[in-house]
Amino acid sequence: MKTPVSALPFAITFALSAATASSPAQADSASEQLAQALTQSSVSAHFRYRLEYVDQDNQLDDAFASTLRSRFSVNTGKAYGVSALLQVDNVSLVGNDNYNSTVNGKTDYSVVPDPKGTDVNQALLRYQNDSGTTLSAGRQLVNQLNQRFLGGVGWRQNEQTLDGYRLQQTFASNFSAELGHYYNVNRVFGPKSPAADQHGSFNTALLQWQITPAHQLAVFGYDFDFDNWAARNSRTVGADYQGKLNNGPKLSWQLALARQDDAHNAPLSFSHHYHRLSLSWALDSVALEAGQERLAGDGQSAFQTPLATLHAFSGFADMFLTTPNSGLRDNWLQVNTKLSSMALTLAYHRFDSDAGSSKYGDEWNASASYALNKQLSALLKLAHYNADTLAVNTTKVWLMLSYQL
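Just so you know, these numbers come straight off a predicted model, no measurement behind them.

A. Structural detail: the overall build of the chain. Across its full length, the chain holds 2 helices and 18 strands. Dimensions of the chain along its principal axes, counting C-alpha atoms only, are 75 × 55 × 50 Å. Burial statistics for the chain: of 405 residues in total, 42% are counted as buried. Total accessible area on the chain stands at roughly 19,500 Å², and carbon and sulfur atoms take up 57% of it. Treating the 29 positive side-chain charges of the chain as one cloud and the 34 negative ones as another, the clouds have centres 4 Å apart.

The following block contains the structure:
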């Protein structure tokens with residue numbers, strides 16, 4: 001078992017001993033604090049069944065992945081500002097594993113990176129005070145902004161979490177800061193994969209300012225130093241601005257800019273730029289969105305976001321988990337609407353190189369989600385990527401049921 005998890009019982013014991021080892025009056029107070037923490041504790045369970053089908057225009061057999069993720073979480077209440085979270089995930093097969101999970105050896109099938117296994121998803125201690133300070137230590141889920149640079153990859157059955165320390169500080173009702181230092185990335189490939197962990201030194205910084213209720217500005221920085229993935233060593237700095245009109249047309253927008261440079265022992269020298277510009281227009285029950293995202297490349301290297309929630313960007317088919325060396329320009333149109341309790345989305349993406357004039361391909365995405373009640377929901381998603389110069393034609397279909405206890 002990994003370091004943060006094995007250290008958790010000791011840390012809890014130490015914290016409780018420190019709280020109770022004092023005078024009788026203080027011991028009584030400690031007992032009250034612990035009793036209150038116990039009363040405020042909660043246990044929850046979440047189950048997510050998913051059927052994923054992948055058809056690629058190559059020699060690989062079509063993949064059918066039928067998996068169930070069972071998640072059990074224990075949240076304690078606070079004693080002297082200290083609380084704990086323990087979350088365990090189990091991914092099991094429902095039927096045959098006719099897919100390449102990346103660890104089952106079935107390389108004749110297309111890849112669906114959801115291997116079976118049991119893992120500690122989160123295990124942390126958290127300290128909070130009345131001055132707006134939160135300090136977390138252990139294995140934790142870290143989602144920042146829209147998760148383009150740092151996220152938990154919540155779409156996969158095995159979530160991405162980080163081992164390390166995070167300090168969050170709220171200075172006012174509209175201004176906050178976050179600093180993080182992490183030394184291991186628990187990736188989505190399950191606990192038994194050779195790619196399950198990425199060790200290194202990962203430092204993050206984020207400032208957020210709610211300028212007005214309609215305008216938000218964030219500034220961020222990421223310094224990644226991988227022990228065994230030097231090609232992804234980099235420093236990234238950027239800003240993200242989101243706004244909307246309070247009067248007149250229901251318009252909202254996002255503008256994000258960033259620069260990424262080589263760092264540490266990266267094998268290549270590079271300096272690449274990033275931008276994302278989107279505009280949304282809400283019309284009664286229909287919302288229209290258009291946007292462009294650019295990850296620059298020069299033919300030898302490109303802007304990369306290795307710790308992002310990548311499934312949320314550049315199409316559902318996941319053709320661009322790694323940015324091609326010639327970069328990527330993703331131009332998209334999207335329509336969202338609701339029919340009673342069903343939410344519908346239809347999107348079109350065109351993918352081109354940033355350097356040169358190559359058209360990689362285009363992609364159609366569609367999804368329909370329906371909440372049957374407060375506990376049970378269903379999701380149907382489809383993606384079809386039509387290749388021109390990158391990869392092959394790919395069709396993916398997902399059916400998912402989620403149940404929260």
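Moving on from the model shown.
B. Main features of the pattern of salt bridges. Applying the stated criterion across every chain, the model contains 17 salt bridges. Taking the shortest distance from any N to any O, the salt bridge between Arg-139 and Asp-163 comes out at 2.8 Å. Remark: Asp-163 occurs in strand β6 (residues 161-172) and Arg-139 occurs in strand β5 (residues 133-140); sequence separation between them is 24 residues. The same class applies to Arg-139 as to Asp-163, namely buried.

C. Focus on empty space enclosed by the protein. With the rule as written, the count across this model stands at 4 cavities of 30 Å³ or more. Of the pockets and cavities examined, the largest cavity occupies roughly 70 Å³. What lines the largest cavity is Asp-89, Asp-119, Val-120, Asn-121, Gln-157, Asn-158, Glu-159, Thr-161, Asn-186, Arg-187 and Gly-190. Among the elements that line the lining of the largest cavity, the one with the most residues is strand β4 (residues 117-128), at 3 residues. Of the residues assigned to the lining of the largest cavity, the class counts are 1 nonpolar, 6 polar and 4 charged.

D. Quick peek at the packing of aromatic side chains. For the structure on display, the rule yields 22 aromatic pairs. Seen in terms of ring centroids, Phe-149 and Tyr-274 are 5.3 Å apart; in terms of plane orientation they differ by 75°. Their pairing is edge-to-face. Here the residue Phe-149 occupies a position in the loop between β5 and β6, and Tyr-274 occupies one in strand β12 (residues 271-283), the gap between them amounting to 125 residues. You'll find Phe-149 and Tyr-274 in the same group, each marked buried. With 6.3 Å between their ring centres and 80° between their planes, Phe-320 and Tyr-385 make a pair best called edge-to-face. Of the two residues, Phe-320 sits in the loop between β13 (286-295) and β14 (328-339) while Tyr-385 sits in strand β17 (residues 376-387), which places them 65 residues apart along the sequence. Under the relative-accessibility criterion, Phe-320 is labelled buried at 7%. Through successive ring pairs, a cluster of aromatic residues spans Phe-149, Phe-202, Phe-220, Tyr-222, Phe-224, Phe-226, Trp-229, Tyr-274 and Phe-303. Cation over ring: Lys-381 sits above Phe-316, and NZ or CZ is 3.9 Å from the ring centre.

E. Molecular detail of the nonpolar core. Phe-149, Tyr-274, Phe-320, Tyr-360 and Tyr-385 are the most contacted members of the largest nonpolar core, which has 34 residues in total. Those elements giving two or more residues to this core turn out to be β7 (175-186), β8 (197-212), β9 (215-226), β11 (250-262), β17 and β18 (394-404). Looking at which element gives the most residues to this core, the answer is β9, with 5 residues. Those residues within four positions of Tyr-274 in sequence are excluded, and the remaining contacts are Arg-148, Phe-149, Ala-256, Leu-257, Ala-258, Glu-293, Arg-294, Leu-295 and Phe-303. Core analysis: the next-biggest nonpolar cluster, separate from the first, contains 5 residues, Val-54, Ala-65, Tyr-99 and Val-112 among them.

F. Structural context of the environment of Asn-246. Within the element layout of this structure, Asn-246 appears in the loop between β10 (234-244) and β11. Separated by 89 residues in the primary sequence, Asn-246 and Val-335 place their C-alpha atoms 21 Å from one another.

G. Main features of the layout of surface pockets. The space that makes up the largest pocket amounts to roughly 620 Å³. If you trace the largest pocket, you find 28 residues lining it, with Pro-113, Phe-189, Leu-310, Asp-318 and Leu-321 closest to the centre. Contributing elements (two or more residues each) for the lining of the largest pocket: β1 (42-56) and β18.

H. Expanded view of the pairing of strand β2 (residues 63-75). The sheet contact formed by β1 and β2 spans 13 bridges and is antiparallel. Bridge pairing in β2 places Ala-45 opposite Phe-72. Where β1 folds back on β2, the antiparallel hairpin that results is connected by 6 residues. Two strands pair when backbone bridges link them, and β2 and strand β3 (residues 82-93) are joined in this way by 9 bridges, in the antiparallel orientation. Its bridge partner being in β3, Asn-75 is matched across the sheet by Leu-85. Counting the residues between successive antiparallel strands, the hairpin from β2 to β3 contains 6 residues, one of them, Tyr-80, with a positive phi of roughly 55°.

I. Structural detail: the confidence of the model for the chain. Averaged over every residue, the pLDDT of the chain is 93; the share at 70 or more is 93%. Ignoring residues within four places in sequence, the model shows residues 1-21, a span with pLDDT below 50, making 25 contacts including any to other chains.

J. Expanded view of the environment of Leu-382. Along the chain, Leu-382 falls in strand β17. It is 36 Å that separates the C-alpha atoms of Leu-382 and Gln-210, two residues lying 172 residues apart in sequence. When neighbours within four sequence positions are excluded, Leu-382 is seen to be in contact with Phe-316, Trp-364, Asn-365, Ala-366, Lys-396, Val-397 and Trp-398.

Scoring rules and cut-offs
Residues numbered from 1 in each chain as written. Predicted model: local features only at pLDDT ≥ 70, side-chain atom pairs only at ≥ 80, totals over all residues. Heavy atoms only, no water. Helix = DSSP H or I, 4+ residues; strand = E, 2+ residues; numbered from the N terminus. Buried < 20%, exposed > 50% of the residue type's maximum accessible area, 1.4 Å probe, protein only. Areas by Shrake-Rupley, 256 points an atom, 1.4 Å probe, with all protein chains shown as cover. Lys, Arg positive; Asp, Glu negative; His and termini not counted. Charge placed at Lys NZ, Arg CZ, Asp CG, Glu CD. Salt bridge = Lys/Arg side-chain N within 4 Å of Asp/Glu carboxyl O. 1 Å grid on protein atoms, 1.4 Å probe; cavity = no way out; pocket = protein on both sides within 12 Å on 5 of 7 lines; lining within 4 Å. Points joined across faces, edges and corners; volume = space filled by probe spheres on them. Nonpolar A, V, L, I, M, F, W, Y, C, P; charged D, E, K, R; others polar. Phe/Tyr/Trp six-rings, centres within 6.5 Å; stacked < 30°, edge-to-face > 60°. Lys NZ or Arg CZ within 6 Å of the ring centre and 35° of its normal. Core = buried A, V, L, I, M, F, W, Y, C linked by side-chain atoms within 4.5 Å. Contact = heavy atoms within 4.5 Å. Pairing = 2+ DSSP bridges. pLDDT = per-residue confidence, 0-100.

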